[in-house]
Structures are given as structure tokens and as C-alpha cells.
Amino acid sequence: MDAKSLELEIGGMTCASCANRIEKTLNRIDGVTATVNYATEKAKVSLPEGLDPSVLIAHVEDIGYSAVLPAPPAAPGAADGGESAEDADDRELRALRTRLIVSTILTVPVIALAMIPALQFTFWQWASLALAAPVIVWGAWPFHRAAWLNLRHGAATMDTLISMGTLAAFGWSLYALFLGTAGEPGMRHAFSFALTAGDGAGSIYLEVGAGVTVFILAGRYFEKRSKRRAGAALRALLELGAKDVAVLRPASSEGGSTSEEVRIPIAQLTVGDEFVVRPGEKIATDGVVVAGAGAVDASLLTGESVPVEVTAGDVVAGATVNAGGRLVVRATRVGADTQLAQMARLVEDAQTGKAEVQRLADRISGVFVPIVIAVAVATLGAWLGAGFGATAAFTAAVAVLVIACPCALGLATPTALLVGTGRGAQLGILIKGPEVLESTRRVDTIVLDKTGTVTSGRMTLVDVVTEDGTDPAELLRLAGAVENASEHPIAQAVARAAAAAGELGGVESFQNIEGRGVQGVVEGHAVLVGREALLADWSQHLSPQVAAAKADAEAGGKTVVAVGWDGVARGILVVADTVKPTSADAVAALKRLGLTPILLTGDNAAVARRIADEVGIDEVVAEVLPEGKVDVVARLQREGRTVAMVGDGVNDAPALATADLGMAMGTGTDVAIEASDITLVRGDLRTAADAIRLSRRTLGTIKANLFWAFAYNVAAIPVAALGLLNPMLAGAAMAFSSVFVVGNSLRLRRFR
């Protein structure tokens, strides 16, 4: 049976176990194969022809989650009739932030009243109830709802324990206030560290229930905020393309042989249409040049800095920029078939195919939660069986749930992540989420894109070689004056160098000779600047010595521009993409971390080898297409290596997403940055080594926090089960565990 694929946007997931449950539910449907990604909140589903997608949605909704088919893109100019997934995400994040802020404002006085006896005025306990009730009921509602949905399907997660702990604290406080002695005027919480048994009817747990709610809400909010960026890579990629295009249509005149330009939205462009691209404009879609010649800057897609000369018959890609010359292009692929759209799918597939890193807390909670519930029930039965009263039995059972409530656990990951990422931001390192940290621990190979990563990504004048009797300063001044009138990146490199050396003169009779160079009159001299063949057309030939220097420079992967004036060849200008001053130090630092650096580039092997030797890299993979970069990373992974990738171009985005750890230079394209796990804001490769060290340190802190949180629970539960934990001691112990976790996380601020 033929199968088709579709994507569902999933809502309501609170942890990785939710994604697993939805995946299992969908895979139980005959003929359906589904993969649910918790990070992107999407399900990729392969289903048989004839099966209505509404069946899939119904199954997801039956287990308490929401599912919708992505809305089709609106037609250009159409009114927006609905809410986008991006808007819905923002609305959900704002709602969670509001819940957190309101709950925090109400909880602070509750905790202060419970912990500081001097603040306990007459009927303070009733004021605490008025403040805490909205927090425990409304603030913690997402946890209660998730716990109820899990309960209906026989599952228990962290939400179950949070809900039971907060409701148990709240329920017992209500009992103590209305049926016990806690509601009497003048009641006090006398703070004590003594372990003494009691009936608990004179104590309230409101500060515990409200405090736990606020801490866990804070953790969820920061997690949701980092997840919000998951789909940004594809949005940035698709926004690179042109928005409208000048299409050639037959003119309305009777002649019929002429055509006129009509500007239309890109969505209306069809295969076979011919359109005009002027200098500086983006090429609207993939096509073939049918008229004109020029230089196409494909750095957005290839990452390479040297424009490619194109003439009639050459293939061009959409979203690249025409750097010079008027082109007429016939569209060969539009919409989802273009190279840009295919690259977007590569990024999406790589993101979906990443191994989901379940949080340690979620994994342990699968065992921890049922055990705590069982201990609480066993405690209740044991106390009743031993002949104690119901009040004392319930006090001990509730104490088990309260002390086990994962307050420090909820802070363990978010606080370390916040401090670690905050410190990273100060150092120019942006870490996108906790999943990233797991990858840094295992990385042993780092793949470095050449252009814009190891090198500056910008053409620069590196040498001037003159014929005998020619002044190098004069050659640069005259050539720079002519090149200053050109938009070509190589011409601009020459012009910048000439302007830095002195003031540029004016140029007259300037002419751009497509694909060959430029000419003009400067200070009375007829100057030619361009390919050697351009000078040869005017019978201006380089001497053997200068020709040999030109050959040596080109063998080293550099670009050479010949210069002549007044009928005589005068010398050459050598331009190249230069290595960043810090790259060699960065490679040495990466090696000290135990990583094997590999240089990866679409450039030719000679250029790549020269750059690699300059910075100290032994292994080079050159002349690689954008799709090939993904293949190189995948091959290294099949060899058993854990691969980090550093890049900056759109062509690097799929490889960044495929690698175990993707790092984008902040000076690069938005697409590369969004597809990566870590962004190096300053564009300095040395921060890649700092990023790996910081990530490993942050991961170690998270693990220490989680260990402490669980160790605290494991040690305290038996004490609570024996009835030796009064509510103030429980509150103090919980507060101390939280303070310890926060303090441990704050140590990351000292990272250098």
C-alpha cells in the first residue's frame, strides 16, 4: 500500500515521556509510522493512502494532548485569517510568564510569614491561606491537569509528584485550619530543628505548597523559552529568498516582438518564466541564464567569498545575489523544488533525526514517583496498623509527599543552565538548551568550515608585484581608482586597500567588461584592470618574472588581477581570503581539549591545504558541495566519532544540524545561527574552545545538582515516614536544598 507523509503540530507535552506516549499511540494504528520530537513539538507521520489525518488527531486528543495539521502558507497579499504556530507559541509563553509572576508575588509573603515567627500577627495563618490558595490551585493548574491526564492512562511523571505534594500540603493545611487547632487566634509556627513526633493538626504546610509551585513554574518557563527557538532555523532559511520578481511579459504593442517587465510576488512565478535580475538584486528562483553576463555572489548558499562569473547557459540558484551585470534568467524550479527549499528540508530532517536527550530527572522520575507514592501509602498503613490515631498517620504520610516533592529537582537544571548560559553570553557564547550540554561531553572531533570561520570570509589585498620601473604605490592608486567604480567584491578589496594607502583619484570613461575586468581614464592614463586576457587583447603582456609570480599565487589558491596603462602591462595585485589572526591559537586550544580538528570547505584543495598548514590542521576535506558537508559529518559519525561542527554559511546549516554539536559563528548567516546548538557571537574561533569548556562545566554542575536533589529526597523520606519531621523542619530542609542547588549553580559565574 502506498504511503504518504505529513506533519502534526503537537500541544500539551510537558516532558519527554509525553512524546513517547504519543509516539506509541500513533504507532499502534495500522500502517502508521510516527516519530514525535519533544524539542520541536512536532510529529512526522507516515500513513497509508486513504487514511484520514483526522483519525491521527483523534487518537492524540484521546490521550489528552492536542494535534493540528500545519496551516498552509497564506497567498501573497491575502488577509491573515488565523493564528500561526509562532503566535500560539508566543501566547503560551506569555501565559506561563504571567502565571509565574503572579504566583511569585503571592508566595513571597506566605514563605516569609511561615519562616519568620516575628512576622506572625494574629490570624496570619488565614492571610497565608488567602494568598497561597490561588497559587496552589491556579498557579499549579498545569501540573494538576497533566497529573490527571497521566493518571487516566496509568502513568506517573514529575507532574504527578508535584501535583500530589502541593495538593497534599494544601489539603492538610485546610484540615488543620478548619478541623484542627491551626486556625485558632494567636497560632504560631515555632521554628525548631528538633525531630519530634506530633499529630500535625496545629501546623500548616501552605508555604511548602506555594513555594514548590513557584520553583517548578520557573523551571518550566525557562525551558519553554529556550524551546521556542527550535523552529527558527527553517523560518530564517525560507525568509532568505526574494519576495517579488520582475518577469518579462509580451508588450501590449502591436509589434508583439518586444517585452516589458512586470513585477509580481514570488509565489506567482512559474517554471519557464523569464525574469530580470539587476546588480545587487537577489535571484528569485533556480534557473538558467538566457541573456547577459555578470558575477553571482553565492556566499549565502555556499559560504564561499569569491563570486562566480556567469553567462548565457549557466545555472544559477535562487536567493543568491547578482553582484554585477544585468541578467535574464529562465525559471527551472520554483517553490518547494528549489535548492533553498531542499536545504530547508535537510535542516528539518537533521533536527528531527537527532537522538532525543531525555533529562536525567525525567528518567529517574519514572521509578522515583511510584516509589514515593508507595512509601506514603505504606507509611499511612503502618501507623494505623501500629495503633496510632488517624491524625498522626496522615501527618506522617503527608510529610513523605511534602519532603519528596521535587523542589530542588525543579531548580537543578534551569538554574545551572541560566547561570552557565548567562556567563556564556558575557563571553560571546550562546548555548541554546540543556540537550546541547550532553553532546559536549562526548565530542572528540571538530569540523571547521573554512570561509568565515577559520578565515575572515572577505577578500583582502595581500601582495603587489610590479614590472621593473613601476612604483607599487602608483599601481595600487591607479588600479584602486578604477576598481572603486565597480561593485565586484574583488574590485572592492583592491579599492579598500588603495583608499587605506591614500586618497583615490577620479575615474573617467569607466567601462565594465563583463567577466573580464574594467577600464577607465585616471589622471590622464588609460588604465586596464582585470584578467590577464583583458590586457592581452590590448597587446599588453606580463613579463616572465611577473607571470611566474602570478602562477605561484594562483597555485596557492589566491586570486590575481592584472594591471596595465598607456599600452604597457605594469604588474599584478594578489587578493585572497585571509586567515583570522586568532585561528591558529584556536586550533591549538581545541587540540588541548582532546579534539581532532578537520578543515571542511567547498573551495579547491590547494587553497584548503594552504589555510590548514597556516593554522596547524592536519586533516582537510575540500571541494565539497553543501549536501556533501552533511555526508562528511555523517561518515565521521559512522566511524564512531562524536562530531562538533563550526560554520557560518547557509550551506553549513544542514551539517550544523546533523552534527552531534553545531556551533555557528555569530558573524555568519541567521540560518546557520538558528540551526546550530551554540552561537559564537564574536566570530572568534577561540570561543569555540571556551564554549566546549563552559558547556562541560555546566553539565557537570547540573549532574551535581540532580544528585544532591535526589540524595536529599532519599535521605529525608525515611525520616518523614517515621514521623520525625515537623512542617517547619520540612520547609527549612526544602529551602536549604534549593539554596544549595542555586549556590552550586552560581559558581559558574566565576568561569574564565
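- Per an unreviewed UniProt entry, the recorded name for the protein is Cation-transporting P-type ATPase B, and the organism is Microbacterium azadirachtae.
- As its UniProt record puts it under Subcellular location (unreviewed entry), the protein is described as follows: "Cell membrane".
- Turning to the protein, the UniProt annotation filed under Sequence similarities (unreviewed entry) states: "Belongs to the cation transport ATPase (P-type) (TC 3.A.3) family. Type IB subfamily."

**Describing the pattern of salt bridges**
Right, so step 1: Tallying each qualifying case throughout the model produces 20 salt bridges.
Right, so step 2: Residue glutamate 639 pairs with arginine 635 through a salt bridge whose shortest N-O separation is 3.0 Å.
Right, so step 3: Residue glutamate 639 is classed as partly exposed on the basis of its relative accessible area, which comes to 46%.

**Remarks on the pairing of strand S7 (residues 274-277)**
Right, so step 1: In terms of strand pairing, strand S5 (residues 244-250) meets S7 through 2 bridges, oriented antiparallel. Considered in S7, the bridge of alanine 246 is made with valine 276.

**Brief notes about the pairing of strand S8 (residues 286-291)**
Right, so step 1: The sheet contact formed by S8 and strand S13 (residues 327-333) spans 5 bridges and is antiparallel. The partner of aspartate 286 across the bridge, within S13, is arginine 333.
Right, so step 2: Two strands pair when backbone bridges link them, and S8 and strand S11 (residues 315-316) are joined in this way by 2 bridges, in the antiparallel orientation. Bridging across to S11, valine 288 finds its partner in valine 315.

**A few points about the sheet that holds strand S22 (residues 596-600)**
Right, so step 1: Across the sheet, which stays open at both edges, the 7 strands sit in the order S14-S26-S25-S24-S15-S22-S23 with mixed pairing between neighbours. Only two strands of the sheet have a single neighbouring strand rather than two, namely strand S14 (429-431) and strand S23 (619-621). The sheet shows a mean angle of 20° between the axes of neighbouring strands, direction not considered.
Right, so step 2: The sheet contact formed by strand S25 (residues 661-665) and strand S26 (residues 678-680) spans 3 bridges and is parallel. Following the sheet pairing, methionine 665 is matched in S26 by leucine 680.
Right, so step 3: Across the face of the sheet, helix H22 (residues 626-638) comes into contact with strand S15 (445-449), S22, S23 and strand S24 (643-647) while running at roughly 160° to S24.

**Focus on the environment of valine 482**
Right, so step 1: Secondary-structure assignment places valine 482 in helix H16 (residues 472-483).
Right, so step 2: Valine 482 sits in the buried class, given a relative accessible area of 0%.
Right, so step 3: Spatially, the C-alpha atoms of valine 482 and valine 507 are 6.0 Å apart, while their sequence positions differ by 25 residues.
Right, so step 4: Residues contacting valine 482, with those up to four places away along its chain left out, are Val507, Phe510, Val518, Gln519, Gly520, Val522, Val527 and Val529.

Calculation notes
- Residues numbered from 1 in each chain as written.
- Predicted model: local features only at pLDDT ≥ 70, side-chain atom pairs only at ≥ 80, totals over all residues.
- Heavy atoms only, no water.
- UniProt positions renumbered as here; feature names shortened; annotations may be inferred.
- Salt bridge = Lys/Arg side-chain N within 4 Å of Asp/Glu carboxyl O.
- Buried < 20%, exposed > 50% of the residue type's maximum accessible area, 1.4 Å probe, protein only.
- Pairing = 2+ DSSP bridges.
- Helix = DSSP H or I, 4+ residues; strand = E, 2+ residues; numbered from the N terminus.
- Axes fitted to C-alpha atoms, helices over the stretch in contact; angles between N-to-C directions.
- Contact = heavy atoms within 4.5 Å.

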